[in-house]
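Spelled out from the first residue to the last, the chains are:
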Number of protein chains: 2
Amino acid sequence: MAANTIAKVQSGEKNKKEETDLKLSNRKDENFGDWYSEVVVSAELIEHYDISGLYILRPSAVEIWETLQAFFDPEIKKMNVKNCYFPMFVLESHMKKKKDHYDSFSQEVALVTKSGESTMDIPLAIRPSSETIMYPYYSKWIRGHRDLPLKLNQWCNVVRWVIGDPTPFIRSREFLWQEGHSAFATEAEAHAEALEILELYRRIYEEYLAVPVIKGTKSEVDTFGGAVSTNTVEAFIPNTGRGIQGATTHCLGQKFAEKFEVNFEDEKRDKTMVWQNSWGYSTRTIGAMVMVHGDDKGLVLPPKVASIQVIVIPVPYKDADTQGTNDACELTVKILCEAKIRAELDSRDNHSPERKYSEWEMKGVPLRIEIGPNDLANKQVSVVRRDNGAKMDIGNADLVEEIKKLLINIQQNMFNVAKQKRDECIQVIHTWDEFVEALNQRKMILAPWCDEKVVELDVTEKTTNEIGAAKVLCSPFDQPELVEGTKCFASGKPAKKWTYWGRSY
Amino acid sequence: MAANTIAKVQSGEKNKKEETDLKLSNRKDENFGDWYSEVVVSAELIEHYDISGLYILRPSAVEIWETLQAFFDPEIKKMNVKNCYFPMFVLESHMKKKKDHYDSFSQEVALVTKSGESTMDIPLAIRPSSETIMYPYYSKWIRGHRDLPLKLNQWCNVVRWVIGDPTPFIRSREFLWQEGHSAFATEAEAHAEALEILELYRRIYEEYLAVPVIKGTKSEVDTFGGAVSTNTVEAFIPNTGRGIQGATTHCLGQKFAEKFEVNFEDEKRDKTMVWQNSWGYSTRTIGAMVMVHGDDKGLVLPPKVASIQVIVIPVPYKDADTQGTNDACELTVKILCEAKIRAELDSRDNHSPERKYSEWEMKGVPLRIEIGPNDLANKQVSVVRRDNGAKMDIGNADLVEEIKKLLINIQQNMFNVAKQKRDECIQVIHTWDEFVEALNQRKMILAPWCDEKVVELDVTEKTTNEIGAAKVLCSPFDQPELVEGTKCFASGKPAKKWTYWGRSY
């Protein structure tokens with residue numbers, strides 16, 4: 001039964017507002033943007049804030065963030081990355097030392113100019129990223145080859161005062177992220193670590209959020225300001241036909257080291273510059289997950305990141321053994337929790353079971369267990385999957401084993417379904433006409449490209465309309481064979497690589 | 001052997017700078033302030049930043065912070081507190097809604113007025129604390145009694161642009177903390193939770209940082225802006241005779257609820273205001289720990305918060321079995337790590353053992369294990385305690401058991417020693433003359449007081465000199481008997497309670 005039906009059936013005068021809140025008024029297929037804005041609020045991930053472009057992360061969002069952190073933080077510690085915390089304020093003069101880097105952020109930098117009634121001598125920029133904050137100290141701390149590698153990470157907030165079209169999680173003016181910054185004696189090490197971290201980002205998306213991503217490199221246009229190259233895990237939203245840069249690792253080469261004098265005495269006692277990388281993933285991850293999995297009933301959470309994996313709801317019937325069903329529910333929760341399954345009881349007596357179903361569906365809880373008099377009599381529970389709505393009975397004796405299997409199955413199924421939908425969007429093209437047609441069909445376009453910046457800019461210009469413009473999403477690491485003589489779809493010049501194109505967030 | 005001696009013995013031309021860095025040039029007893037500034041840098045907790053009053057928290061500091069977090073965060077989750085994240089920017093108009101609260105921060109609030117080249121319509125304040133950011137949304141989220149209690153916490157940075165005398169950890173312009181904010185239907189619940197959290201703060205100080213604290217209430221002068229009352233865990237630094245507010249919980253009564261219209265429909269359907277509290281501890285905890293335990297060799301870390309609890313150092317002799325001692329060291333680390341003891345090997349071949357000793361002493365590692373040819377022959381390791389310098393041999397067979405015992409013993413001993421020193425500073429007085437004398441002796445003064453604000457302000461004024469002024473530290477929960485007719489030491493009026501006084505950080 002759909003949430004909106006329930007709302008209609010139940011809404012008396014008294015609970016009208018509350019019941020109505022449960023129903024999404026937008027449909028994912030019809031009006032994606034409004035659907036997204038509505039679902040993040042209705043599922044209580046986000047509350048809008050009274051300053052535009054800023055959002056309150058409610059506990060359900062922070063719980064997902066903490067789950068990803070609990071995976072990623074120990075992984076980087078195994079790689080000997082250490083956590084640190086640098087101030088969030090930086091002198092603009094430091095930022096300006098690396099001009100291409102500064103230019104890429106300068107329009108978005110928030111500046112503190114006053115404290116209380118006093119005007120500050122020098123305005124202080126709030127970090128949009130911490131390269132220029134950290135690297136002067138790398139210069140100080142790194143003296144000899146024994147000081148390398150230096151690998152630091154911090155969990156923090158950053159501010160990018162973007163203009164236009166803020167979107168919760170995806171494009172907000174303050175967001176949470178981690179930023180890792182490593183310095184090595186050799187280019188090979190810096191490069192290898194950037195790929196190792198990219199693999200962790202892939203696992204965050206694919207293993208935790210059940211969102212398929214493509215590993216690749218960004219084009220020159222989208223390379224991080226001041227970097228040599230940028231690696232990405234690129235997700236895709238079939239409903240809008242837009243790519244979404246999931247998380248990135250940047251090979252900085254020696255470009256920052258040169259500006260900030262980060263050098264060391266090598267084993268031959270020669271002074272050499274370090275090789276650096278930087279890498280980050282942010283709360284944007286949560287937004288991509290909502291976009292990929294959510295449906296017209298609300299959020300759909302992959303079990304691995306669901307802080308409640310199983311919600312247990314008693315279904316009383318008049319004259320039936322209410323105490324019995326309640327006790328069975330409590331026992332069920334206890335048994336599941338003891339087996340390390342995150343289960344919770346909804347014992348509220350001011351809501352009907354149907355109202356509870358739609359509420360937990362809105363919040364995306366992967367499994368719902370209902371226990372009524374029949375279930376009690378049959379020594380079973382009734383289970384409903386959030387991902388596909390499938391309903392089944394499970395005998396009490398098999399409870400833990402079956403629920404565990406189901407959670408694993410849901411996690412895998414969500415990924416498979418998302419991957420199938422994403423793969424159906426991928427279209428290989430060779431000519432400009434094919435490109436335009438595929439773009440109109442909101443495809444993730446795989447095309448042979450000459451890898452020239454002017455050509456990408458030209459494609460972007462030619463495709464610009466009210467819903468955006470095409471650009472390079474990434475050149476996948478996993479390259480299909482490029483047949484000798486293949487031409488670039490846009491310039492007609494010899495193609496150098498296969499590259500994904502599309503509109504983007 | 002003292003670190004400075006070693007530095008002298010070893011410093012060849014080549015390593016001069018590095019070796020000299022290991023020696024503290026200030027002594028804790030002679031020049032406490034300079035000693036503190038030096039030790040936090042030399043132990044690599046802090047690096048000075050190029051904007052005054054801001055500090056870089058290096059990995060050794062963040063590791064301690066994370067250990068405290070790993071204790072506190074699960075504890076508050078058990079109490080059903082949920083983590084969230086609110087934006088760090090707030091409209092000044094919101095802050096001004098609660099005038100007494102705003103006034104207490106207004107001089108320290110950093111204001112963002114520009115983004116890139118554009119001037120903002122309205123300047124945005126950066127949170128000094130989040131009451132005025134959060135409570136408008138509490139007003140929105142809380143409707144009925146079933147929405148209560150609402151208990152939210154966030155881990156974040158805050159900014160208080162204090163003027164004058166910044167001190168690492170203790171008084172910095174940006175710092176990390178957690179801030180918890182709960183709303184209840186009844187005053188009793190809000191009060192009880194504030195005490196429950198205060199007990200967790202006591203445990204952070206006493207059980208983790210081995211720093212004795214006194215639980216009590218702040219006087220009216222130091223009550224949090226806008227609160228009804230403020231509870232504190234108050235530490236004391238014998239060397240300077242200053243109290244230090246360790247962490248606080250505030251009973252807000254209905255004072256914020258009134259301004260931000262946080263009310264609910266109770267069970268009788270009457271509209272009632274909620275009762276609130278807020279509570280926080282910050283990276284200041286680390287500063288108090290350094291001040292209490294550090295010595296002239298550097299930091300001394302309690303084992304519970306030491307990210308390295310045991311450092312293992314091979315002690316090669318010429319012609320002896322270097323491979324043998326190295327292997328024994330590796331095996332020792334392996335055995336200890338398998339027993340969940342945080343042990344590490346210092347196998348660097350470019351430093352003498354003595355140089356390593358002083359380095360790890362500077363960093364405060366609780367236990368050092370040395371293994372030389374003799375130890376190898378005797379199937380033993382040589383162990384040195386950081387807290388008291390005691391040296392002993394431990395047979396390999398008893399290694400894990402003995403090291404575990406030692407770590408527990410060090411933790412307890414550090415607390416006992418600190419408590420004894422603190423207790424020796426406590427002086428009970430009854431008259432103004434006794435008060436002045438005790439203050440000159442840098443005591444933590446316990447005095448009968450009339451509990452009047454004007455009297456405290458008067459005491460502060462009369463005792464102001466170049467090193468500060470006396471004020472109330474706290475009125476301890478644990479009150480000695482107040483004999484009928486006891487007079488206030490300062491006003492001569494009837495005393496209402498016993499109160500700790502002293503200078504303060």
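Note that this is a predicted model, so its numbers are computed, not measured.

J.: Sorry if this is basic, but what is going on with the relation of the copies chain B and chain A here?
T.: Two chain copies here: they are related by a rotation about an axis and a translation along the same axis. Between chain B and chain A, which share one sequence, the superposing operator has a rotation angle of 180° and an axial displacement of 0.0 Å; the RMSD is 0.0 Å. Both copies of the chain, as the preceding transformation shows, are related through a two-fold rotation axis. If distances are taken from each C-alpha of chain B to the rotation axis, the shortest is found for B:V112, at 2.1 Å. When the interface residues of chain B are mapped onto chain A, 100% of them again fall at the interface, so both copies present the same face.

J.: Could you clarify how one ought to interpret the environment of A:A469 in this entry?
T.: All names here are of chain A. Here A469 is to be found in the loop between α16 (453-463) and β22 (471-476). Residue A469 is classed as buried on the basis of its relative accessible area of 18%. In the structure, A469 is positioned 10 residues away from V459 in sequence and 8.3 Å away in space, judged by C-alpha atoms. Those residues within four positions of A469 in sequence are excluded, and the remaining contacts are T460, T463, T464, G502 and R503.

J.: Looking at this structure, I do not really get the UniProt feature "domain: Aminoacyl-transfer RNA synthetases class-II family profile" (unreviewed entry) in chain A. What am I missing?
T.: Listed under "domain: Aminoacyl-transfer RNA synthetases class-II family profile" (unreviewed entry) in the UniProt record, and renumbered for this structure, are residues 53-302 of chain A. In residues 53-302 of chain A, helix accounts for 32% and strand for 33%; the two terminal C-alpha atoms are 27 Å from one another.

J.: Explanation requested: the packing of helix α11 (residues 322-338) of chain B against helix α14 (residues 399-425) of chain B in the structure shown.
T.: Describing two packed helices takes the angle between their axes plus the distance from one axis to the other. All names here are of chain B. In the contact formed by α11 and α14, the axes pass within 10 Å of each other and the chain directions differ by 65°. Judged by the twist between their axes, the crossing of α11 over α14 is right-handed. Counting all contacts with α11, which are made through T332, I335 and L336, the residues of α14 involved are L399, V400 and I403. Across the contact of α11 with α14, the residue classes break down as 5 nonpolar, 1 polar and no charged.

J.: Can you help me understand α14(B) in this one?
T.: Quick reminder: α-helices carry 3.6 residues per turn. Residues three or four places apart thus point the same way. Across its 27 residues, α14(B) extends 39 Å between first and last C-alpha, which sits within 8% of the 39 Å expected from 1.5 Å per residue. Turning to α14(B), its buried residues are B:L399, B:I403, B:L406, B:L407, B:I410, B:Q411, B:M414, B:F415, B:A418, B:R422 and B:C425.

J.: When you look at the interface of chain B and chain A in this model, what are you seeing that I'm missing?
T.: Interface size is commonly expressed as the accessible surface area that is lost when the partners come together. Counting from both sides, the interface comprises 56 residues of chain B and, opposite them, 56 residues of chain A. In total, about 5,000 Å² of surface goes out of reach between chain B and chain A, with carbon and sulfur atoms giving 58% of it. Joining chain B to chain A, the criterion identifies 8 salt bridges. B:E63 serves as the salt-bridge partner of A:K82, at 3.8 Å between the closest nitrogen and oxygen. The interface formed by chain B and chain A includes 34 residue pairs in polar contact (both at pLDDT 80 or more). Top contributing element to the side of chain B that touches chain A by residue count: strand β5 (residues 110-115) of chain B, with 6 residues. As defined by bridge partners, strand β5 (residues 110-115) of chain A adjoins β5(B) across 5 bridges and the pair is classed as antiparallel. Counterpart to A:L111 in the pairing with β5(B) is B:K114.

J.: Looking at this structure, I do not really get the packing of helix α3 (residues 32-42) of chain B against helix α10 (residues 284-293) of chain B. What am I missing?
T.: All names here are of chain B. Two elements in contact, α3 and α10, have axes whose closest approach is 11 Å; the angle formed by their N-to-C orientations is 120°. As α3 packs across α10, the resulting crossing turns out to be right-handed. On the side of α3, the interface is formed by F32, W35, Y36, V39 and V40, while α10 contributes G287, V290 and M291. A per-class count over the contact of α3 with α10 returns 7 nonpolar, 1 polar and no charged.

J.: Please explain the confidence of the model for chain A as it appears in this structure.
T.: Caution is warranted with low-pLDDT regions, since their predicted coordinates should not be read in detail. Overall, the prediction assigns chain A a mean pLDDT of 94, with 96% of residues at 70 or greater. Confidence metrics for the complex model read pTM 0.95 and ipTM 0.94.

J.: So what exactly am I meant to see when it comes to the domain arrangement of chain A here?
T.: All names here are of chain A. Along its sequence, chain A is carved into domain 1 (33-293), domain 2 (303-414) and domain 3 (429-504). Centre-to-centre separation of domain 1 and domain 2, based on C-alpha positions: 39 Å. With 13 residues of domain 1 in contact, the opposing surface of domain 2 contributes 7 residues. For the pairing of domain 1 and domain 2, the buried interface totals around 940 Å² over both sides, and the portion due to carbon and sulfur atoms is 61%. On inspection of domain 1 and its partner domain 2, the count reaches 1 salt bridge. Linking E44 and K363 is a salt bridge whose minimum nitrogen-to-oxygen distance equals 3.5 Å. One can count 3 residue pairs in polar contact (both at pLDDT 80 or more) joining domain 1 with domain 2.

Definitions and cut-offs
- Residues numbered from 1 in each chain as written.
- Chains lettered and ligands numbered in written order.
- Predicted model: local features only at pLDDT ≥ 70, side-chain atom pairs only at ≥ 80, totals over all residues.
- Heavy atoms only, no water.
- Least-squares fit on C-alpha atoms with pLDDT ≥ 70 in both.
- Contact = heavy atoms within 4.5 Å.
- Helix = DSSP H or I, 4+ residues; strand = E, 2+ residues; numbered from the N terminus.
- Buried < 20%, exposed > 50% of the residue type's maximum accessible area, 1.4 Å probe, protein only.
- UniProt positions renumbered as here; feature names shortened; annotations may be inferred.
- Axes fitted to C-alpha atoms, helices over the stretch in contact; angles between N-to-C directions.
- Left-handed = near helix turned anticlockwise from the far one by under 90°.
- Nonpolar A, V, L, I, M, F, W, Y, C, P; charged D, E, K, R; others polar.
- Expected span 1.5 Å × (residues − 1).
- Buried area = accessible area lost by both parts, 1.4 Å probe.
- Salt bridge = Lys/Arg side-chain N within 4 Å of Asp/Glu carboxyl O.
- Polar contact = N/O pair within 3.5 Å; in protein donor to acceptor, adjacent residues only side chain to side chain.
- Pairing = 2+ DSSP bridges.
- pLDDT = per-residue confidence, 0-100.
- Domains from an automatic or database assignment.

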